[in-house]
Amino acid sequence: MRTSREQAAQTRERIVETAARLYRERGINGIGVADLMNEAGLTHGGFYKHFESKEALIAEACTAALEVTKAELQRKIAAAPDEEALSTLVHSYLSKAHSDNPGLGCVIAALGPEAIRHEGIGRETIQHGVNNLLGLISTQLQREGVDDVEAKSHAVLASMIGGLLLSRMMDSPAKTKAVLRDTGNFILKAV
């Protein structure tokens, strides 16, 4: 019985991880349950053993992806010297790897407008992710003694998300790199 429960938990986790990646790559409506389960190496019929609905999976997948983004940024900040923590956060978010791999990146940038209109996720899930990122930014701004932390945190996050989105729209690697670099430099000079 225990092995069965452990296997079920591992299978559920695999479905959530696959869904989180595919939703960020293709959009919420860009993949159906059958294709998602196939990508996870499972049959369509097994889906409802793990989730009540597609909406339940969407919410769980987006929440999990938001937590991964937060943890990854926290890990990079922790590894940086104090005086480079804000720069590390900004440049990690605005990296070419992040721009080139939306399926492994920030849910807010990949799905934000779509997600807040979707019943299965809603504004609350996205707002939770926004608050997490604002908290990371605020902490770094406070460590650097910046004034008006709340307003500047909002501006930094908006710039990071906008810069990432714009970088993904560019028609050449050189333009993508320039948008990421210039946005990061602008943010760090502005704060």
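Look up: the structure comes first, before these words.
Residues numbered from 1 in each chain as written. Predicted model: local features only at pLDDT ≥ 70, side-chain atom pairs only at ≥ 80, totals over all residues. Heavy atoms only, no water.

Enquirer: What exactly am I supposed to notice about the state of the cysteines here?
Expert: Any covalent bond linking the sulfur atoms of two cysteines counts as a disulfide. As enumerated under the stated definition, the model contains zero disulfides in all. The structure places no disulfide on Cys106, whose sulfur is separated from the nearest cysteine sulfur, that of Cys62, by 11 Å. Given a relative accessible area of 1%, Cys106 falls into the buried group. (Disulfide = S-S within 2.5 Å. Buried < 20%, exposed > 50% of the residue type's maximum accessible area, 1.4 Å probe, protein only.)

Enquirer: Hey, could you run me through unusual backbone geometry in this one?
Expert: Peptide bonds are, in most cases, trans, and in most cases residues other than glycine have a negative phi. Phi at Asp148 takes a positive value of approximately 50°, unusual for a residue other than glycine. Relative to the helices and strands, Asp148 is located in the loop between helix H8 (122-143) and helix H9 (149-169). (Helix = DSSP H or I, 4+ residues; strand = E, 2+ residues; numbered from the N terminus.)

Enquirer: Would you explain the nonpolar core in this entry?
Expert: Soluble globular proteins: nonpolar side chains tend toward being buried together. Grouped together as the largest cluster of nonpolar side chains are 49 residues, with contacts concentrated most on Tyr23, Leu36, Leu57, Tyr93 and Met160. Taken together, the elements giving at least two residues each to this core come down to helix H1 (2-26), helix H2 (33-39), helix H4 (54-79), helix H5 (85-93), helix H7 (107-116), H8, H9 and helix H10 (173-190). The element that contributes the greatest number of residues to this core is H4, accounting for eight residues. Look past the residues within four positions of Met160 in its chain and what remains in contact with it is Leu89, Val90, Tyr93, Leu94, Ile137 and Ile187. (Core = buried A, V, L, I, M, F, W, Y, C linked by side-chain atoms within 4.5 Å. Contact = heavy atoms within 4.5 Å.)

Enquirer: Is there a simple way to explain the packing of aromatic side chains in this structure?
Expert: Any pair of aromatic rings gets described here by the distance separating the centres and the angle formed by the planes. For the coordinates displayed, the defined rule picks out two aromatic pairs. Ring geometry for Phe47 and Tyr48: centres 4.8 Å apart, planes at 85°, overall edge-to-face. These aromatic residues form a ring-pair network of at least three members: Phe47, Tyr48 and Phe51. (Phe/Tyr/Trp six-rings, centres within 6.5 Å; stacked < 30°, edge-to-face > 60°.)

Enquirer: Could you clarify how one ought to interpret the packing of H5 against H9 in this entry?
Expert: Between two packed helices, what matters for the description is the angle formed by their axes and the separation of those axes. Running from N to C, H5 and H9 point in directions that differ by 30°, and their axes come no closer than 9 Å. As far as their axial angle goes, H9 and H5 are roughly parallel. In this structure, H5 contributes Leu89, Val90 and Tyr93 to the contact, and H9 contributes Val156, Met160, Ile161 and Leu164. By residue class, the composition of the contact of H5 with H9 is seven nonpolar, no polar and no charged. (Axes fitted to C-alpha atoms, helices over the stretch in contact; angles between N-to-C directions. Parallel < 35°, antiparallel > 145°, perpendicular 65-115°, else oblique. Nonpolar A, V, L, I, M, F, W, Y, C, P; charged D, E, K, R; others polar.)

Enquirer: Hey, could you run me through the side chain of Ser99 in this one?
Expert: Locating Ser99 in the fold gives a position in helix H6 (residues 96-100). Polar contacts involving the side chain of Ser99 include one to the side chain of Ser167, which spans 2.8 Å. If we ignore the near neighbours within four places in the chain, the residues touching Ser99 are Leu164, Ser167, Arg168, Thr176 and Leu180. (Polar contact = N/O pair within 3.5 Å; in protein donor to acceptor, adjacent residues only side chain to side chain.)

Enquirer: Looking at this model, I keep getting lost on the pattern of salt bridges. Mind explaining?
Expert: Pairing between side chains becomes possible if they bear opposite charge and their charged atoms approach one another. Taken as a whole and assessed by the stated rule, the structure comprises 11 salt bridges. Salt-bridge contacts for Lys76 lead to Glu72; the nearest nitrogen and oxygen are separated by 3.7 Å. Taken together, the positions of Lys76 and Glu72, both in helix H4 and four residues apart, correspond to about one turn of that helix. We classify Glu72 as partly exposed; its relative accessible area is 33%. Linking Lys152 and Asp147 is a salt bridge whose minimum nitrogen-to-oxygen distance equals 3.0 Å. In this structure Lys152 comes out as partly exposed when scored by relative accessible area, which is 22%. Here Asp147 falls in the exposed class, since its relative accessible area comes to 52%. Salt bridges linked by common partners bring Arg21, Glu25, Arg26 and Glu39 together as one network. (Salt bridge = Lys/Arg side-chain N within 4 Å of Asp/Glu carboxyl O.)

So, to be careful, I would describe these as geometric facts and stop short of saying anything about function.
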